[in-house]
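Fold and geometry: a report
For reference, the chains in residue letters:
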Amino acid sequence: MLNDEWLAEEVTQDGFLKAFQNIRGFRGGSFRAWLMRIVTNTAYDWLRQSARRPSQPLFPKDEYGEEMETPYWIADPNALVEDAVEQNEDHEFLYRNLDELQDIYRDIITLIDIQGFDYLEAAQALNVPVGTVKSRLARARIQMRDKLRDVTNLQGELYPVTAIYG
């Protein structure tokens, strides 16, 4: 939702603090869905707030949205550069296409395919019936499949949609 790993960690932490402070408000059901709803609402709050007050990034980015210079403390000496670049490109491609979906479809794919929620937990987190979750997920997967259908990797093979979700 936030397109920034560090920011996602911060918002998640704020969401966990809000959940802890309001644990008495938990009325039963899926704790995971209740917690995810709080964290999701915290992310939406941050997005609304940041739209009103834009910030200036500490690290400059090039025309592709990449940092121009990687700080030494972020680099992993054990990772192969080629593997890291390929994985990063795959994730960027997936999330770029995911961002093009409507919010209702992006949210459902995020909850079920990325976060691993079951239908009931996703329904509780989104405050919709389970049938709505199933139909939105089916439509969202079809839209993602269509977006990813013609994408090929370097060997000319089609990427399997489920492999990219993982």
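Quick caveat: nothing in here was measured; it's all calculated off a predicted structure.

Among the surface-exposed residues, Met1, Trp46 and Leu47 lie close enough to one another that they form a single nonpolar patch of about 240 Å² accessible area. Mapped onto the elements, Met1 comes out in the segment before helix H1 (5–21). Taking relative accessible area as the criterion, Met1 reaches 39% and is therefore assigned partly exposed.

Right, let's get into a negative patch on the surface. A surface patch of like charges, here negative, comprises Asp4, Glu5, Glu9, Glu10, Asp14 and Glu67. Its location among the elements puts Glu5 in helix H1. For Glu5, a relative accessible area of 63% translates into the label exposed.

It is worth spelling out helix H4 (residues 103–114) at this point. Across the twelve residues of H4, nine count as buried, placing the element largely inside the fold. What H4 keeps buried is the set Tyr105, Arg106, Asp107, Ile108, Ile109, Thr110, Leu111, Ile112 and Asp113. In the stretch just after H4, Gly116 is the one whose phi turns positive, near 80°.

Right, let's get into the packing of aromatic side chains. Under the criterion given, the structure shown has three aromatic pairs. Between Phe31 and Trp34 the ring centres are 5.5 Å apart and the planes differ by 35°, which places this aromatic pair in the tilted class. Within this pair, Phe31 and its partner Trp34 are both found in helix H2 (residues 31–52), separated by three residues, close to a single helical turn. Trp34 sits in the buried class, given a relative accessible area of 18%. One aromatic cluster is present, formed by Phe26, Phe31 and Trp34 through successive ring pairs.

Counting residues in each nonpolar core, the largest one holds 22 residues, and the members touching the most others are Ile108, Ile109, Leu111, Ala122, Val133 and Met144. Elements with a minimum of two residues in this core: H2, helix H3 (81–99), H4, helix H5 (119–126) and helix H6 (130–148). Beyond its immediate chain neighbours, meaning those up to four positions away, Leu111 contacts Met36, Gly116, Phe117, Ala122, Ala125 and Leu126.

Quick look at the pattern of salt bridges now. With the rule as written, the count across this model stands at seven salt bridges. Residue Asp45 pairs with Arg48 through a salt bridge whose shortest N-O separation is 2.3 Å. Pair noted here: Asp45 and Arg48 are both in helix H2, with a separation of three residues, about one helical turn. Residue classification places Arg48 among the partly exposed residues on the basis of a relative accessible area of 47%.

Of note, the phi angle at Asn3 is positive, near 60°, even though the residue is not glycine. Mapped onto the secondary structure, Asn3 falls in the segment before H1. Among the residues examined, Asn3 registers a relative accessible area of 58% and is labelled exposed. Here Asn127, not a glycine, exhibits a phi torsion of approximately 60°, which is positive. Mapped onto the secondary structure, Asn127 falls in the loop between H5 and H6.

Reading the values: rules and limits
- Once a new chain begins, its residue numbering starts again from 1 and follows that chain's sequence as written.
- Only residues with pLDDT of at least 70 get local features here, since the model is predicted, and only at 80 or more are side-chain atom pairs given and counted; chain-wide, interface and lining totals rely on the full set of residues.
- Only hydrogens and water are set aside; all other atoms, that is, all heavy atoms of the structure, feed into the side-chain values.
- Exposure above 30% relative accessible area and no salt bridge define the residues that can form patches, which grow by joining like charges within 9 Å and nonpolar side chains of Val, Leu, Ile, Met, Phe, Trp and Tyr within 5 Å.
- Residue-level accessible areas treat just the shown protein chains as cover; the underlying method is Shrake-Rupley with a 1.4 Å probe.
- Any carboxyl oxygen of Asp or Glu within 4 Å of a side-chain nitrogen of Lys or Arg constitutes a salt bridge here.
- Put simply, DSSP H or I for four residues or longer makes a helix, DSSP E for two residues or longer makes a strand, and each gets a number counted from the N terminus.
- Under the scheme applied here, a residue whose accessible area is under 20% of the maximum for its type counts as buried, over 50% as exposed, and between as partly exposed, the area being computed with a 1.4 Å probe on protein chains only.
- Positive charges are assigned to Lys and Arg, negative charges to Asp and Glu, while His and the chain termini are left out of the count.
- A single reference atom marks each charge: NZ on Lys, CZ on Arg, CG on Asp, CD on Glu.
- Stacked, edge-to-face and tilted labels apply to pairs of Phe, Tyr and Trp rings (six-membered ring for Trp) whose centres lie within 6.5 Å, assigned for plane angles under 30 degrees, over 60, and everything in between, in that order.
- Remark: nonpolar core denotes a set of buried residues (Ala, Val, Leu, Ile, Met, Phe, Trp, Tyr, Cys) joined through side-chain atoms within 4.5 Å.
- Contact criterion: two residues are considered in contact whenever any of their non-hydrogen atoms come within 4.5 Å of each other.

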